[in-house]
Amino acid sequence: MIPLRLTLKNFMSYRDGSPPLDFAPIHTACLSGENGAGKSALLTAITWSLWGATPAHADDEDLIAQGETEMSVDFEFGLGDQVYRVLRSRTRKGKTTTGKLYFEMQAPDGGWRPISGNSARETQRLIIERLRMDYDTFVNSAFLRQGRADEFTTKNATERKEILAKILGLEEYDVLAERAREQARSRESDRRLLAAHIQQLALQIARKPDVQAQLAELAGYLSQAREILAVATTEAERLHLQVAALEKDKLELENVRARMAQDEVEISKADKAIAVLEANLLRYREVLAQRDGITAGYQRLQTLRTRERELSDLAHQSRDLESEIHRLERAIDHERSGLLNQIGLVERTISESRRVLETRPDLERRLAEVRVELAHFEALDQEWRAAEVERDMLQQRQAGLAGANDKLKEEADAIKRKLDMLNEAVAAGPSGHQHGRANCPLCNGLLDADALARVRASYEQDIATRRQQWKTNKRDCETLDKQIATLASRITDMEQKLKARKMAEKREATYERELQGTVEAETRLARETDNLQALQVRLDMADYAHAERQALAEANARLTALGYDAQEHRRVATESQQLNDYERRFADLRSAEEKQESDTERLAREKENREGHAARLTRERAEEVRLAAAVYELAERRREAGEQDSKLRTERDRFERLSREQAALDRELEGIASAESEREIKAAELTLASAEKTIYEDLAKAFGKGGIQAMIIEDVVPELAEEANRLLSRMTDGRMQLAFETQRQARSKDGVIETLDIKITDGAGVARKYEMFSGGEAFRINFAVRIALSRLLAHRAGAQLQTLIIDEGFGTQDAQGRERLVQAIRTIQDDFEKILVITHIDELKDEFAARIDVVKTARGSQAVVN
């Protein structure tokens, strides 16, 4: 993967409108800028666009620039002869975020052809397939992170082997080994359960002869019980037929008695109806004899009711007019009360406005006093700000001196270690050399007595100079401490005084608001005085409720014209009440005229009906005597049938019990047959479980660290050593070679130990362990091994390592160390299409062919290629 162009919108510190970053003309470049300028954000954008992941494992919401709701990354890259483009975006709406992902390939005409999948997940899979590299492979191969170059070489042999296993992704085999062990344990559990189950089946099968013997014996008992049950059933059916016949006679007897009771009721009802009809006919004759008097009284009642309805209508109209008059009088009173309320309200407003105007002089005086107080606070605030600035400057100077002292101490300690190493080398005395000479422990070169003295004097002078400077800085720090403490006391005092400023500002605002209220009160006083005079004139002239007054006069005139007489209304109502009974008597007269003939006919029918029921009752009494004699034997037959039913139930229970026992034995025999078949199946399953357990145990060993993993490492180590030696040879002009030892002889001489030692052969052909090297040689070894690991991981993933990103923290190395890294990068630069080196050290910017400067502006971070 070769980066070509990166366009960011609201991604971390890069805002909308940030110019695109063009990688196309770059081969080797440094990515420089101050801490926090946005260097790492560029690499984060590349990994997020391709894999949706970041080195810090941040949430997508945290990547959106502060204050924005959406972000996007547009990344173009080369792969083989083809150019691709990935567009990934994220939008935040409320508490939820949604994302989009597009994958495109450049067409021959320069345009873009979509090759995305049907979903974001499928599109991500297509991107990884084209790259042949997932996120973990990329960050462990193409990205050399800060402080990680010597992570592999500086570990002990065991840890080194574990790191190599992690880089190669061998943890998957650990997972497979554990799964195999789990399966083996599962098969062992299945095997034990199957063996126990087979044992239970064997116990069940052993009962087969006993069950067959019990079935043969039970068959004889069951045949005898069946014959006895048939005889008992026949006798019970005979007795039940006799009882049923007698029950039928009993039911008929009950029906006859019910009909007799009904006939007696009907006769009684007929007697009552005859008496009522005879009484009604007598009353009808009496009413008809008074026909003339009843008719005259009824006609007078109808005349009075007609006049009463006329007077009721007039009374209703009179009440409506009186109600309207009362309503109009209340409306007129309401209008006058409203006018009086307005006058009272205006008078209160005038009084309040005069009271407010009286406070104006006092408010003007208070406002002038508080403004003088605020001017004093403004001067005090300026003095406080100046003191804050002075304190910050002193604290910065103090921090600078403290940092310088820390650096001076580190440098002095480093020089002291070199001096100690030199003294130890002189004291030990080099074999094969003249007295007074020694090998330099740093560069391994031979130093004579004069050179030793010069080096020792130089080291001692450097230490003395740094210690003197450290003491001077220490005294300056103590002086600054006192000055800062004095300023802090002044600042605290001024801050306490400035706390009262907010209260003064609130009082100023209150006085200004209240003064504005006096101006408004003056205007209001003039307006409301005029309004009061106008309202008083309206009240005095009765200038209100004109429509209601006119309507009231008209209503009084209509009430007078109506002429309703309440006394006549009461007299007519009283007489009508006295004659009310004639309405009932007239209805009785009409009823007597209508019902006399029909009731005479009904009386004849009722007498005829009574005679019929009396004749049928005589016949039913004779039938009752006959049926009662037949039903006399029913109780005895019921007793005999009950005894036979009890006997039948006993025989039936015995037969059913024997049948259930036979069925149970049949089921048990069937279960034994099933158990015989199941035993064969479970035996086969037991054999299979035992075999599978052995297979999974073998797989667990194969997937373990001593199996496939060891074979992979044994296969990979030569490739790793070959690649590292190729780079190391170029960086040392063929003077150094390394070798990996994966096993060594155990101290007991009885076996070998798995290890991963690194041995280096120098220009003199002497082999030493890596731990014996330091300085520039150790750095070259670290760098060569780290690049070899990157190439190895990319190669195993099926990808080409065409881009290398180095973030090794130049600021943590001295000038000599930085120079070594630059030389190492130049040595390998032809092996990569692009190399990006992250730094914020100004001295290194001119060491590379191109430079990407990252700066932070008011419009966000920007990256420019120089």
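In this text, all values refer to a predicted model and were calculated from it rather than measured experimentally.

### Notes on the pattern of salt bridges
When their charged atoms lie close together, side chains carrying opposite charge are able to pair. All told, the structure shown has 59 salt bridges when counted by the stated rule. As a salt-bridge pair, Glu-188 and Arg-191 come within 3.1 Å of each other at their nearest N and O atoms. One end of the pair, Glu-188, and the other, Arg-191, are both in helix α6 (residues 171–205), three residues apart, so they sit about a helical turn from each other. Beyond isolated ion pairs, a larger network of salt bridges with shared partners links Glu-188, Arg-191, Arg-192, Lys-693 and Glu-697.

### As for the pairing of strand β3 (residues 28–32)
In terms of burial, β3 is largely enclosed, as five of its five residues are buried. Residues of β3 alternate between two faces, with Thr-28, Cys-30 and Ser-32 on one and Ala-29 and Leu-31 on the opposite face, all of them buried. In the sheet, β3 pairs with strand β15 (residues 834–839) via five bridges, with the strands oriented parallel. Each residue of the ladder has a partner; that of Ser-32, found in β15, is Thr-839. Taken together, the four bridges between β3 and strand β16 (residues 850–857) define a ladder with parallel strand orientation. Paired with Cys-30 across the two strands is Arg-851, which belongs to β16.

### Some thoughts on the pairing of β15
Where burial is concerned, most of β15 is hidden: six out of the six residues are buried. The alternating pattern of β15 places Lys-834, Leu-836 and Ile-838 on one face and Ile-835, Val-837 and Thr-839 on the opposite face, and all of these are buried. In this sheet, β15 lies alongside strand β14 (residues 803–806) in parallel orientation, the contact comprising four bridges. Looking across to β15, one finds that Thr-803 is bridged to Lys-834.

### Observations concerning the environment of Glu-388
Structurally, Glu-388 is set in helix α9 (residues 360–428). On the basis of relative accessible area, Glu-388 is assigned to the buried category, the value being 17%. Separated by 102 residues in the primary sequence, Glu-388 and Arg-490 have C-alpha atoms spaced 9.8 Å apart. Setting aside residues up to four positions removed in sequence, Glu-388 forms contacts with Ile-491 and Glu-495. Among the polar contacts listed, one links the side chain of Glu-388 to the side chain of Arg-391, at a separation of 3.0 Å.

Thresholds applied
- Residues numbered from 1 in each chain as written.
- Predicted model: local features only at pLDDT ≥ 70, side-chain atom pairs only at ≥ 80, totals over all residues.
- Heavy atoms only, no water.
- Salt bridge = Lys/Arg side-chain N within 4 Å of Asp/Glu carboxyl O.
- Helix = DSSP H or I, 4+ residues; strand = E, 2+ residues; numbered from the N terminus.
- Buried < 20%, exposed > 50% of the residue type's maximum accessible area, 1.4 Å probe, protein only.
- Pairing = 2+ DSSP bridges.
- Contact = heavy atoms within 4.5 Å.
- Polar contact = N/O pair within 3.5 Å; in protein donor to acceptor, adjacent residues only side chain to side chain.

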